[in-house]
Amino acid sequence: MTAAHTDTTTLTAVDPATGDTIAEWPVHTATDVAARVDRARLAASAWRDLGFEGRKKALLRWNSYLVNNAEELCELIHRENGKTLDDAYLEIVLTVEHTDWAAKNARKV
């Protein structure tokens, strides 16, 4: 992603081919970040509590999302990074393969 700071309160993602704005996000304060870290810690506990089978199901659902939305995701990767659509698709495929492996082998390793 190519990002340009238009001011100190937002971060702008820019299409490297056209210079068009893709999206803007707020730049958070230290307090905002600390609150999100606290939420992440709670999420990590919930993830741990799912156990191997629950995490496996969640990862496989995520893979289904990636496959079902591959065209849209490839277009976004293309716009954010300037990659070809074929390269973006390869990223999706590799992600699905890695996540599938992790879901099926985590207990063993």
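For the structure itself, consult the block above.
Below: a short report on this structure. Note that the structure is a prediction, hence the values are computed from the model and not measured. (Residues numbered from 1 in each chain as written. Predicted model: local features only at pLDDT ≥ 70, side-chain atom pairs only at ≥ 80, totals over all residues. Heavy atoms only, no water.)

## Some remarks on the environment of Thr21
You can see Thr21 is positioned in strand β3 (residues 21-26). In the structure, Thr21 is positioned 59 residues away from Glu80 in sequence and 9.6 Å away in space, judged by C-alpha atoms. In this structure, Thr21 is in contact with Thr12, Ala13 and Arg79, ignoring residues within four places of it in sequence. (Helix = DSSP H or I, 4+ residues; strand = E, 2+ residues; numbered from the N terminus. Contact = heavy atoms within 4.5 Å.)

## Details of the packing of aromatic side chains
In total, this model carries one aromatic pair according to the counting rule given. Relative to Tyr65, the ring of Trp62 lies with its centre 5.4 Å away and its plane at 15°, an arrangement referred to as stacked. Here Trp62 and its partner Tyr65 are both found in helix α2 (residues 51-68), three residues apart, which amounts to about one turn of the helix. Tyr65 sits in the partly exposed class, given a relative accessible area of 40%. Geometry around Phe52 places Arg55 over its ring, the cationic atom sitting 4.9 Å from the centre. (Phe/Tyr/Trp six-rings, centres within 6.5 Å; stacked < 30°, edge-to-face > 60°. Buried < 20%, exposed > 50% of the residue type's maximum accessible area, 1.4 Å probe, protein only. Lys NZ or Arg CZ within 6 Å of the ring centre and 35° of its normal.)

## Digging into the pairing of strand β2 (residues 10-14)
The buried fraction of β2 amounts to four of the five residues, a majority that puts the element mostly inside the structure. Relative to β3, β2 is paired through five bridges, and the arrangement is antiparallel. Bridging from a neighbouring strand, Thr10 pairs with Pro26 of β3. Here β2 hands over to β3 after six residues, with Gly19 in that stretch at a positive phi of 80°. (Pairing = 2+ DSSP bridges.)

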